[in-house]
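Read off the chains here:
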Amino acid sequence: MVKLNDDRLDAIFSALADGTRRRVLADLERGSASVSALAQPHAMSLPAFMKHLRVLEAAGLIARAKDGRVVSCTLSAEPMRAAADWLGRYEKFWTGQLDSLARYLYHEEEVHPWKTESPPSNCGSSDGSTPQSSASGAPGPTRKR
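Reading the values: rules and limits
- Residues numbered from 1 in each chain as written.
- Predicted model: local features only at pLDDT ≥ 70, side-chain atom pairs only at ≥ 80, totals over all residues.
- Heavy atoms only, no water.
- Helix = DSSP H or I, 4+ residues; strand = E, 2+ residues; numbered from the N terminus.
- Buried < 20%, exposed > 50% of the residue type's maximum accessible area, 1.4 Å probe, protein only.
- Areas by Shrake-Rupley, 256 points an atom, 1.4 Å probe, with all protein chains shown as cover.
- Contact = heavy atoms within 4.5 Å.
- Pairing = 2+ DSSP bridges.
- Axes fitted to C-alpha atoms, helices over the stretch in contact; angles between N-to-C directions.

Enquirer: How should the overall build of the protein be read in this particular structure?
Expert: Along the protein, the regular secondary structure elements total 5 helices and 3 strands. Element order for the protein, N to C, with α for helix and β for strand: α-α-β-α-α-β-β-α. Expressed as a percentage of the 145 residues in the protein, the buried residues total 19%. For the protein, the computed accessible surface area is about 11600 Å², with 55% contributed by carbon and sulfur atoms.

Printed below as a string of structure tokens:
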């Protein structure tokens with residue numbers, strides 16, 4: 001297995017962040033394909049599509065080969081495996097942390113049940129009195145523009 005540094009992982013995840021590039025990788029799962037065949041289902045110019053291929057190639061996710069006038073692309077799965085391994089380690093860590101938090105909250109709920117008290121209401125009084133004004137008698141805050 002190839003060990004990837006942080007810059008390489010950043011390049012891989014940046015490449016995978018775009019839907020067009022993910023679709024290209026999905027198309028290459030079936031095997032090698034020419035650039036024109038890969039570009040055909042996408043509604044963009046060939047130069048714009050080539051930019052996506054350069055990003056994938058720089059991340060090490062595809063390899064391009066030229067045979068005469070035909071350029072074909074092949075999926076390079078090893079960087080994907082390394083990225084999946086990296087994600088798996090962090091998934092294991094965060095799953096453990098979240099499980100620990102859930103256990104703690106469950107325990108706290110058992111020891112100290114949530115009390116649902118209604119907040120005091122100042123909306124209306126039954127004695128017919130009017131609300132008290134401020135102690136200084138000054139008007140409340142005004143809105144300035």
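Enquirer: Which parts of the structure should I look at to understand the environment of valine 35?
Expert: Examined against the element boundaries, valine 35 turns out to sit in helix α3 (residues 35-39). Those residues in contact with valine 35, other than ones at most four positions away along the chain, are Leu46, Phe49, Met50, Leu53, Val71 and Cys73.

Enquirer: Can you help me understand the pairing of strand β3 (residues 70-75) in this one?
Expert: Taken residue by residue, a regular strand's side chains alternate between the two faces of the sheet. Alignment of strand β1 (residues 33-34) against β3, held across 2 bridges, turns out to be antiparallel. Counterpart to serine 34 in the pairing with β3 is serine 72. Here strand β2 (residues 62-67) pairs with β3 via 6 bridges, running antiparallel. When the bridges of β3 are listed, isoleucine 62 appears paired with leucine 75. The antiparallel pairing of β2 with β3 creates a hairpin that spans 2 residues between the two strands, and glycine 68 there sits at a positive phi of about 70°.

Enquirer: Explain the sheet that holds β2 here, please?
Expert: Two modes of strand pairing occur in sheets, parallel and antiparallel, and in both the strands are linked by backbone hydrogen bonds. As summarised here, the arrangement of the 3 strands in space is β1-β3-β2, forming an open sheet in which the pairing is antiparallel. Looking at strand neighbours, the two that pair on one side only are β1 and β2, the edges of this open sheet. Contacts from helix α4 (residues 46-58) reach β2 and β3 within the one sheet, and its direction differs from that of β2 by about 120°.

Worth remembering: the numbers are spatial, not functional.
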